[in-house]
Amino acid sequence: LGQALGMARAALGKGGVKSSARAAARKHLQRAATLAQLPLHKDLVRRLSLLANYVDQFWATLDRVVRGFQGGEELQYKDSIILVREKPTDELKIRYKGLNLSHRLNQLPPGIVMAIANHGFDETQPVNQVLKGAFLVVHPTSSEAMIADARRWWEEAANNDVEIGDLTKVIDDDYLLKSPTPTE
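Structural notes, computed from the coordinates. (Residues numbered from 1 in each chain as written. Predicted model: local features only at pLDDT ≥ 70, side-chain atom pairs only at ≥ 80, totals over all residues. Heavy atoms only, no water.)

The secondary structure content of the protein chain amounts to 6 helices and 4 strands. For the protein chain, the succession of helices and strands along the chain, N to C, is α-α-α-β-β-β-β-α-α-α. Expressed as lengths along the three principal axes of its C-alpha atoms, the size of the protein chain is roughly 65 × 35 × 25 Å. Within the protein chain, buried positions represent 44% of all 184 residues. Pairs at least 24 apart in sequence give 50% of the contacts found in the protein chain among residues at least 6 apart. (Helix = DSSP H or I, 4+ residues; strand = E, 2+ residues; numbered from the N terminus. Buried < 20%, exposed > 50% of the residue type's maximum accessible area, 1.4 Å probe, protein only. Contact = heavy atoms within 4.5 Å.)

Listed below in structure tokens is the structure:
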């Protein structure tokens, strides 16, 4: 069970709009669901499944934003601007700090992904904070500060009537599933 959950969590972080890894994550989650017996284990599967749903929604929304780019969009990134040079096909061609760069859409660095999300997601919809947080939580290179942002966004969304239940626990869920020690 722990292995299936761990593999599902890792696969969710292998990104891009059309990711075969996320399909693999679903298979690992299905396997985990059949193995989960204890309420604690079922909760782990439920939370990770919810996270997977939000990650899928994140990528679908990001894809709509990117597909809407015509070239010329300016994305705020750190203390600078990323200029989208042309309408994306399977690559995003940008100009950043005087450099012309090109990234395959399925291999965008997380900072650029977040710049796109911050540019194109409707910030008046609290659920979009949940989606952005889901991306950060599963991305393998997210920093502690990014994870803290995700946690804060989820809490703000919950305070704005987005039903996320105990999703924030997925950040710290441990899939090693050590056996409980017997009490004397």
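If you walk through the whole model with that rule in mind, you get 5 aromatic pairs. Centre to centre, the rings of Phe58 and Phe121 are 5.5 Å apart; their planes meet at 55°, and the pair counts as tilted. Here Phe121 lies in the loop between helix H4 (110-120) and helix H5 (127-138) and Phe58 lies in helix H3 (residues 39-68), a separation of 63 residues in the sequence. With respect to class, Phe58 is no different from Phe121; both count as buried. What links up through ring pairs into an aromatic cluster is the set Phe58, Trp59, Phe121 and Phe135. (Phe/Tyr/Trp six-rings, centres within 6.5 Å; stacked < 30°, edge-to-face > 60°.)

Moving on: the sheet that holds strand S2 (residues 80-84). The sheet built from 4 strands is open, its strands ordered S1-S2-S3-S4 with antiparallel pairing. Unpaired on one side and paired on the other, strand S1 (74-77) and strand S4 (99-104) mark the two borders of the sheet. Each strand of the sheet is rotated relative to its neighbour by a mean of 30°, with strand direction disregarded. Two strands pair when backbone bridges link them, and strand S3 (residues 91-96) and S4 are joined in this way by 6 bridges, in the antiparallel orientation. (Pairing = 2+ DSSP bridges. Axes fitted to C-alpha atoms, helices over the stretch in contact; angles between N-to-C directions.)

Side chains Leu92, Ile94 and Tyr96 of S3 all project onto a buried face; the interleaved residues Glu91, Lys93 and Arg95 project onto a face where none is buried. Note that S2 and S3 share 3 bridges and pair antiparallel. Looking at S3, one finds that Leu83 is bridged to Arg95. Linkage of S2 to S3, two consecutive antiparallel strands, is achieved through a turn of 6 residues. A loop of 2 residues connects S3 with S4, the two strands running antiparallel in sequence, and Lys97 in this loop sits at a positive phi of about 50°.

This part takes up the nonpolar core. Counting residues in each nonpolar core, the largest one holds 57 residues, and the members touching the most others are Leu48, Leu51, Phe58, Leu62, Leu92, Ile116 and Trp154. In terms of residues, this core owes the most to one element, H3, which gives 12 residues. Not counting the four nearest positions on each side in its chain, Phe58 is found in contact with Val113, Ala117, Phe121, Leu131, Lys132 and Phe135. (Core = buried A, V, L, I, M, F, W, Y, C linked by side-chain atoms within 4.5 Å.)

What follows concerns the packing of helix H1 (residues 2-12) against helix H2 (residues 20-35). The interhelical angle for the contact between H1 and H2, taken along N-to-C directions, is 160°, at an axis separation of 8 Å. If you check the angle between H1 and H2, you find them roughly antiparallel. Judged by the sense of rotation from one axis to the other, the crossing of H1 with H2 is left-handed. Across the interface between the two elements, Ala4, Leu5, Met7, Ala8, Ala11 and Leu12 from H1 touch Ala21, Arg22, Ala25, His28, Leu29, Arg31 and Ala32 from H2. (Parallel < 35°, antiparallel > 145°, perpendicular 65-115°, else oblique. Left-handed = near helix turned anticlockwise from the far one by under 90°.)

This paragraph deals with unusual backbone geometry. Despite not being glycine, Lys78 has its phi angle at roughly 55°, a positive value. For Lys78, the position within the fold is in the loop between S1 and S2. Lys78 gets classed as exposed once you look at its relative accessible area, which sits at 66%. Here Lys97, not a glycine, exhibits a phi torsion of approximately 50°, which is positive. Summarising the element assignment, Lys97 is placed in the loop between S3 and S4. For Lys97, a relative accessible area of 56% gives the class exposed.

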